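Given next are the chains, with one letter for each unit.
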Number of protein chains: 2
Amino acid sequence: MQERKGQSRVMIENVQPQVDGGLYPAKRTVGERVDVTADIFGDGHDHIRAQVWYKKDGDAEWTTVEMLHVMNDSWKGTFHVQQKCSYLYTVVAWIDHFETWYDGFKKKAAAHVDVKVELQEGAIILKKLAKDKNNELLNAATKLEAPYNTAIEYVLSEEFKEIVHHYPLVEFETLYDKVLPITVEHKKANFSSWYELFPRSASLEGKHGTFQDVIKLLPRVAAMGFDILYLPPIHPIGKVNRKGKNNNVHSEPGEPGSPWAIGSDEGGHKSIHQELGTLEDYKRLIREAKHYHIDIALDLAFQCAPDHPYVKENPQWFKQRPDGSIQYAENPPKKYQDIYPFNFETDDWMALWQELKSVITFWVDNGVQIFRVDNPHTKPIPFWQWAIAEVNKLYPDIIFLSEAFTRPRVMASLGKIGFTQSYTYFTWRTSKAEIIEYMNELVNGPSRNYFRPNFWPNTPDILPWHLQHQGENIFIIRLALAATLSSNYGIYGPAYEFYDNIPMEGKEEYYNSEKYEVKQYDWKRTNRMTDIITIINKARKNHAALQSTWNIHFCFIENPNLLAFVKATDDLSSIVLVVVNLDQHNKQNGYVQLPKSLLKIGDHINVKLYDAMTDDHYTWTQEWNYVEIDPYKMPFHLFKLEVHESYM
Amino acid sequence: MQERKGQSRVMIENVQPQVDGGLYPAKRTVGERVDVTADIFGDGHDHIRAQVWYKKDGDAEWTTVEMLHVMNDSWKGTFHVQQKCSYLYTVVAWIDHFETWYDGFKKKAAAHVDVKVELQEGAIILKKLAKDKNNELLNAATKLEAPYNTAIEYVLSEEFKEIVHHYPLVEFETLYDKVLPITVEHKKANFSSWYELFPRSASLEGKHGTFQDVIKLLPRVAAMGFDILYLPPIHPIGKVNRKGKNNNVHSEPGEPGSPWAIGSDEGGHKSIHQELGTLEDYKRLIREAKHYHIDIALDLAFQCAPDHPYVKENPQWFKQRPDGSIQYAENPPKKYQDIYPFNFETDDWMALWQELKSVITFWVDNGVQIFRVDNPHTKPIPFWQWAIAEVNKLYPDIIFLSEAFTRPRVMASLGKIGFTQSYTYFTWRTSKAEIIEYMNELVNGPSRNYFRPNFWPNTPDILPWHLQHQGENIFIIRLALAATLSSNYGIYGPAYEFYDNIPMEGKEEYYNSEKYEVKQYDWKRTNRMTDIITIINKARKNHAALQSTWNIHFCFIENPNLLAFVKATDDLSSIVLVVVNLDQHNKQNGYVQLPKSLLKIGDHINVKLYDAMTDDHYTWTQEWNYVEIDPYKMPFHLFKLEVHESYM
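The rules behind these values
Residues numbered from 1 in each chain as written. Chains lettered and ligands numbered in written order. Predicted model: local features only at pLDDT ≥ 70, side-chain atom pairs only at ≥ 80, totals over all residues. Heavy atoms only, no water. Patch = residues over 30% accessible without salt bridge, like charges linked within 9 Å, V, L, I, M, F, W, Y side chains within 5 Å. Areas by Shrake-Rupley, 256 points an atom, 1.4 Å probe, with all protein chains shown as cover. Salt bridge = Lys/Arg side-chain N within 4 Å of Asp/Glu carboxyl O. Helix = DSSP H or I, 4+ residues; strand = E, 2+ residues; numbered from the N terminus. Buried < 20%, exposed > 50% of the residue type's maximum accessible area, 1.4 Å probe, protein only. UniProt positions renumbered as here; feature names shortened; annotations may be inferred. Contact = heavy atoms within 4.5 Å. Buried area = accessible area lost by both parts, 1.4 Å probe. Polar contact = N/O pair within 3.5 Å; in protein donor to acceptor, adjacent residues only side chain to side chain. Domains from an automatic or database assignment. Least-squares fit on C-alpha atoms with pLDDT ≥ 70 in both. Expected span 1.5 Å × (residues − 1). Bend = angle between axes of the 7 residues up to and from the residue. Pairing = 2+ DSSP bridges. Axes fitted to C-alpha atoms, helices over the stretch in contact; angles between N-to-C directions. Lys, Arg positive; Asp, Glu negative; His and termini not counted. Parallel < 35°, antiparallel > 145°, perpendicular 65-115°, else oblique. Left-handed = near helix turned anticlockwise from the far one by under 90°. Nonpolar A, V, L, I, M, F, W, Y, C, P; charged D, E, K, R; others polar. Arc of directions from axis to C-beta.

Residues and elements named next belong to chain A. Among the surface-exposed residues, Phe 556, Tyr 591, Trp 624 and Tyr 626 lie close enough to one another that they form a single nonpolar patch of about 500 Å² accessible area. Mapped onto the secondary structure, Tyr 591 falls in strand S23 (residues 588-593). Residue classification places Tyr 591 among the partly exposed positions, given a relative accessible area of 49%.

Once that is clear, we can look at unusual backbone geometry. Between B:Gln16 and B:Pro17 the backbone carries a cis peptide bond, its omega angle lying at 5°. By secondary structure assignment, the location of B:Pro17 is in the loop between strand S1 (11-16) and strand S2 (26-29). The amide bond that connects B:Pro332 to the next residue, B:Pro333, takes the cis arrangement and shows omega of 0°. Here B:Pro333 shows up in the loop between strand S13 (329-331) and strand S14 (334-336). For A:Tyr499, which is not glycine, the phi dihedral falls at a positive 55°. Along the chain, A:Tyr499 turns up in the loop between helix H14 (493-497) and helix H15 (528-542).

What follows is about the UniProt feature "site: Transition state stabilizer" (unreviewed entry) in chain A. Residue and element names in this part refer to chain A. Look at the UniProt record and you will see "site: Transition state stabilizer" (unreviewed entry) annotated at Asp 461. Take Asp 461: it is sitting in the loop between strand S18 (453-454) and helix H13 (472-485). With a relative accessible area of 23%, Asp 461 lands in the partly exposed category. If we ignore the near neighbours within four places in the chain, the residues touching Asp 461 are Arg 372, Glu 403, Glu 508, Glu 509 and Lys 515.

Below, the discussion takes up the interface of chain B and chain A. One frequent convention defines the size of an interface as the accessible area lost when the parts assemble. Counting from both sides, the interface comprises 67 residues of chain B and, opposite them, 67 residues of chain A. Between chain B and chain A, a total of about 5,900 Å² is buried, with carbon and sulfur atoms accounting for 56% of that surface. Linking B:Glu330 and A:Lys108 is a salt bridge whose minimum nitrogen-to-oxygen distance equals 3.1 Å. Our count for the chain B to chain A interface comes out at 30 residue pairs in polar contact (both at pLDDT 80 or more).

Here the focus is the domain arrangement of chain A. One can read the domain layout of chain A as domain 1 (10-96 + 171-184), domain 2 (98-166), domain 3 (186-542) and domain 4 (551-643). Taking only C-alpha atoms, the centre of domain 1 of chain A and the centre of domain 4 of chain A are 36 Å apart.

Let us look at the relation of the copies chain B and chain A. The two chain copies are connected by a rotation around an axis plus a translation along it. Of the transformation placing chain B onto chain A, the axial shift is 0.1 Å and the rotation is 180°, giving an RMSD of 0.1 Å. Taken together, the rotation and translation relating the two chain copies correspond to the operation of a two-fold axis. Looking at the rotation axis and the C-alpha trace of chain B, the residue lying nearest is B:Gly21, at 3.2 Å.

Attention now moves to the pattern of salt bridges. When their charged atoms lie close together, side chains carrying opposite charge are able to pair. Enumeration according to the criterion identifies 84 salt bridges over all chains in this entry. Among the salt bridges present, the one from A:Asp397 reaches A:Lys84, with a minimum N-O distance of 2.6 Å. Of this pair, A:Asp397 sits in the loop between helix H10 (381-394) and strand S16 (399-403) while A:Lys84 sits in the loop between strand S6 (74-80) and strand S7 (86-95), placing them 313 residues apart in sequence. Overall, the relative accessible area of 26% leaves A:Asp397 in the partly exposed class. Bridged by salt links that share partners, the residues A:Lys108, A:Glu118, A:Glu121, B:Arg321 and B:Glu330 form one connected network.

Further remarks concern the environment of A:Leu276. Residues and elements named next belong to chain A. Summarising the element assignment, Leu 276 is placed in the loop between strand S11 (228-231) and helix H7 (279-291). Assessed through its relative accessible area of 4%, Leu 276 is described here as buried. Once the C-alpha coordinates of Leu 276 and Ala 202 are considered, the two residues, 74 residues apart in sequence, prove to be 9.9 Å apart. With residues up to four places along the chain from it excluded, the contact list for Leu 276 reads Pro 199, Arg 200, His 208, Gly 209, Thr 210, Phe 211 and Ile 234.

Residues and elements named next belong to chain B. Given a rise of 1.5 Å per residue, 14 residues ought to cover 20 Å, and the 20 Å separating the end C-alpha atoms of helix H6 (residues 211-224) matches this to within 8%. Taking the largest bend as the criterion, H6 deviates by roughly 40°, centred on Leu 217, and proline Pro 219 comes between one and four positions later. Burial in H6 covers these residues: Phe 211, Asp 213, Val 214, Ile 215, Leu 217, Leu 218, Arg 220, Val 221 and Met 224. As for H6, its buried residues are in contact with strand S10 (192-196), strand S11 (228-231), helix H7 (279-291), helix H14 (493-497) and helix H15 (528-542). After H6 finishes, the residue Gly 225 shows a positive phi value of roughly 95°.

Let us now look at the UniProt feature "active site" (unreviewed entry) in chain A. Residue and element names in this part refer to chain A. Taken from the UniProt record, the annotation "active site" (unreviewed entry) applies to Asp 374 and Glu 403. Considering the C-alpha atoms alone, the annotated residues occupy 30 residues of sequence yet fold into one spot, their largest mutual distance being 5.3 Å. Tracing the backbone shows Asp 374 in strand S15 (residues 370-374). Under the relative-accessibility criterion, Asp 374 is labelled buried at 6%. Each residue touching Asp 374, except ones within four places of it in the same chain, is listed here: Trp 260, Asp 299, Leu 300, Ala 301, Gln 303, Lys 379 and Glu 403. Of note is the side chain of Asp 374, whose polar atom sits 3.4 Å from the side chain of Trp 260. Mapped onto the fold, Glu 403 is located in strand S16. In this structure, Glu 403 is in contact with Arg 372, Val 373, Asp 374, Asn 375, Pro 376, His 377, Tyr 423 and Asp 461, ignoring residues within four places of it in sequence.

Here we take up the sheet that holds strand S24 (residues 607-611) of chain A. Residue and element names in this part refer to chain A. On the basis of which strands lie adjacent, the open sheet formed by six strands has the order S20-S21-S22-S27-S24-S25 and antiparallel pairing. Two strands in the sheet have a free side with no partner beyond their single neighbour: strand S20 (552-554) and strand S25 (617-620). Averaged over neighbouring strand pairs, the angle between their axes works out to 25° when direction is ignored. Sheet topology note: the S20/strand S21 (residues 562-568) ladder contains three bridges and is antiparallel. From the neighbouring strand, His 553 faces S21, where its bridge partner is Val 566. In the packing of H13 onto the sheet, the strands contacted are S20, S21, strand S22 (575-581) and strand S27 (636-643), and the crossing angle to S21 comes to about 25°.

Let's shift gears to the side chain of A:Asp630. Residues and elements named next belong to chain A. Mapping Asp 630 onto the fold places it in the loop between strand S26 (624-629) and S27. Among buried Asp, Glu, Lys and Arg side chains, Asp 630 stands out as unpaired, with Lys 633 the closest opposite charge at 4.4 Å. Here the side chain of Asp 630 touches Tyr 632 through a polar contact of 2.9 Å, landing on its backbone nitrogen. When neighbours within four sequence positions are excluded, Asp 630 is seen to be in contact with Lys 587 and Pro 635.

This next bit is on the pairing of strand S4 (residues 48-56) of chain B. All names here are of chain B. With seven of nine residues buried, S4 is to be regarded as a mostly interior element. With nine bridges connecting them, S4 and strand S7 (residues 86-95) associate as antiparallel partners. The residue of S7 that forms the bridge with Ala 50 is Ala 93. Here five bridges tie S4 to strand S5 (residues 63-71), and the two strands are oriented antiparallel to one another. Considered in S5, the bridge of Val 52 is made with Val 65. If you look at the hairpin formed by S4 and S5, you'll find six residues sitting between the two strands, and Gly 58 has a positive phi there, around 105°.

Between two packed helices, what matters for the description is the angle formed by their axes and the separation of those axes. All names here are of chain B. Two elements in contact, helix H2 (residues 116-130) and helix H3 (residues 135-144), have axes separated by 8 Å at closest approach and are oriented at 170°. Considered as vectors, H2 and H3 are oriented roughly antiparallel to each other. When the axes of H2 and H3 are compared, the crossing they make is left-handed. Across the interface between the two elements, Leu 119, Gly 122, Ala 123, Leu 126, Lys 127, Leu 129 and Ala 130 from H2 touch Leu 137, Leu 138, Ala 140, Ala 141 and Leu 144 from H3. Each residue belonging to the contact of H2 with H3 can be placed in one class, and the counts come to 10 nonpolar, one polar and one charged.

Looking now at H7(A). Residues and elements named next belong to chain A. End to end, H7 covers 19 Å across 13 residues, agreeing with the expected 18 Å (1.5 Å per residue, within 8%). By the burial criterion, the buried members of H7 are Asp 281, Tyr 282, Leu 285, Ile 286 and Ala 289. Here the buried residues of H7 occupy an arc of 145° about the axis, which is enough to place them on one side. Buried positions along H7 lie against helix H6 (211-224), S11, strand S12 (295-300) and helix H9 (349-365). Positive backbone phi, approximately 60°, marks His 293, located one or two places after H7.

All right, on to the environment of B:Glu497 then. Residue and element names in this part refer to chain B. Along the chain, Glu 497 turns up in helix H14. Separated by 32 residues in sequence, Glu 497 and Met 529 place their C-alpha atoms 5.8 Å apart. Once residues within four sequence positions are removed from consideration, Glu 497 is found in contact with Tyr 195, Arg 220, Met 224, Asn 527, Met 529, Thr 530 and Ile 533. At a separation of 3.2 Å, a polar atom in the side chain of Glu 497 contacts the side chain of Thr 530.

Here it is as structure tokens:
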């Protein structure tokens, strides 16, 4: 029996957000809201009051926020995290005898029950609260000792109600048995626009591209509004068992190979592929990009070509077979002969972990802030947990994007243990029902607290079925969805911009994939897609509502081809309505319902809409409003909403 | 970096059963099944093997059970708890290179890939597993070194498959980070039949009843098949502010008052109401009941009449008001002037807790094994947690039934912190949809691990709407439901048996409630209800399938008035099918579907049915079978099923 426990009568259970019982932190970004919910109850009918206590990790003092009863013993309190650091929070609740007394007094007074003793009790509570110091309370106590009717009138006054609200009587409080962590990251973790290109295809003159060529493309990428330029691996490419065009197991002399087959006699993960330039050139690219507010993202692919220096220098990091050969990557009976995976079960694992960490810190020291991690699910999750934590200790602003297109629990776990963002199944969610269900899972499911989605309509590895052999409308639709449903999105740029829709037949892969050859793009060309991307990215910058994935609200609209949703900031200073026609071929129409309650719109509706895509203006005065979308004009609306004078 | 962690590549998450992260134990009873599930996954495509490790608390050695992959990284392993004690369990998983190698070998051999090196690898693994000792494995290793084709044939043999299955290669295993508790209680915690009567109404001769009279009723209660006889409080009843007939605030001289208004100058919670007899009489009742395999349950009502000795002896345990009076129980503006609640916030709470615990142990020492706890939700939950744990330490077989008809989270919490059984909302769940939904919540929801339901169609406090002014059919229907849906059930006996259906109009309470007066029943009388209760309780004893609540499976039957469900033991040695007509007035019919997969019935159906209620026999040879129920004959079937010769 602890001293306090016996008198504390309130139970606190099921406190959220909580990831695996507090083993992992919940994630937020600067400025985001934290809704703390808990089941809180005591015995009997006494009134409970509850607070969230939160603070920055390391601070001495807690900040408190009142929690309110929602329903059925579920309570909620909200605060915003304003700094990039670790926060801690917990929940405190107690039976408040002041409020219990006040509520009982009102009921008794209404029933004309004698309340003489109740007035004395009230005065005692007020004096206790005042602790001989607070004059407002001492004064109130005196008024309860006034003549009977005057005293009753006072207790029933608005003034006294305010006193009850402002002076909780905290006694025998129950402190939730855990202090839970929240990691708050910088805004870019939650709001980023990625453009991927192969630097070797960046040349404007029909040659093998270089970092210098990429620098020349920066104005183009910046004009479209992207803030992350992601380049596939920039390291020396293996010469042994190099892959040829279209993933041929044999390459012709002069073929460039896959950038993901890393390492040769020219160097490994800390070296630069000579044809791209020097480390100095790469650092210059990073610096130049910064002028355009663009971060250069590095690809982190922890695997080795057979001629990678590690193989000679650290053969113990690879699996030796009885015949003296090294184990290839394989998915039996298939072998991947251009790749050796690391053997993470090596007895020398500590040195391996340290070396791989040093790869990351090497590039951070050279200016990289953002990593796109290749297939993290084929390396041990505990390694990533350690490596990301270690890097975060030294450099707290680094973003790690997990390229794990794999089973749901594995993807979720990578988010839990530290990845900042993750590729998602959005790439294959195409129907209205699928999109709503998936968004609901991401936004309202438990993974909301640790899995930050990044929506990609394509990647160099994936030309999904629905884009194959299709026209520009579907490319526009998928782009609009990616960029408005999710605050983090990206495209494998030139292939998307220029509508590359030719697959390896029967596969979701590109024909003549850029992974195995150098491409020549007409980088001077822009088209309708370039214009639309530019407008969308501008809208994403202008409208704070589009800078979150978590604020989505789907609107009723009967037509299954029309998807409509509202995003709004908490203060409603930014409201966006997106309506997308998922049918790339036919005009579709329907009536969309304004979410009046969410937008605090009363009976008199007066909403102005400005379509960012067409500059058209509308005024809606009804709850249900007609929309018609011709995909050959513009397959979607991106409305900014202004709610005028409303009477709730 | 811990020594082992770096090489352990498997993640284990979401292990169930787990109550509040292991803060509370999951509950089972002797012989019950524990299905352990977990999300288990590693990196890449290597094969994982996993085990549940379990043991009795205090044992040195773990017993291991293999887990199998169910789907999508969810795994399951099952064991049975055979002893009444605390168990511990956890989960272990590892990448099994033997199985990975074996699977790859089979695929490569099928694709006619050269497997010379694979054979060498296999021999190495076998020798490693053999540790120079196991001849079966050493012998197998030799066979892999046989001529190429012979060796391949051997690896592909059934014999070798068995070796792979029997010899997991445990390396770098991941141990789940928690060891989770399971409390295993005796069978009665899960299977009990309660009969409630007021001992003061037990007289056969029109007088105030005594324990002697209750002893005379034992053969009657036993003949009906009940194994718990629960008596409302047997302590001296308060004389101050005693309640009269029908809860009148004034009583006439000679009125007996409510037994829940405990304590007078004659004694308190450790005393016996003199009109009932002596402590010796009570102990004799307990002894006599034992001969009939009946336990006597005591009512634990922790509250005091104004003249309870505690009030004088320990005034500090009650809330003093400024005028010197003691605070009544109240629900403003109502006051309950026959009751003082304890003030659990008293500075003297430790002594109060100890005294209340001593009340429990006093009665245990006098032979009581079962307590029905009155309104536990109006006393602090932490007190119950402590008191039940303290009593359990000394007397591990005690059953505490929580009489908390309150909000869901409060009821659930009382189960979590230690109550053995709980009253439920069954009392108000009447339609087919309501019953199925509620059973699904109880059996498949998280509370399955800590909330053990006890179904009561009535109590002295509750005559539910659907029984008011109704005939015997609905009484029979509700009894059949309570006794077959739930393995724990009870009735407020005489009122139910004799169809007392007269309410205080507008309330769900009895008119002329036995709570406030002595009743005279014709205890010699039996009726159709007596007979039906007898048959049902006999069936509950004979059919193990009815001794669990957790094994319910609802069957498809189109008619919304017909509820059909199967219960079966794990080994299918006991199978019961119950079909209830929820319509008390009309004949109903429909086709009920046999759950073939659950009952392991193949294409040739041959099921014998014996109706315990009518002794009728049937043979079903179809999946869908016609049933017709006339409520005026018998409102339900209670079939024992025998499944004959079936071919899956």
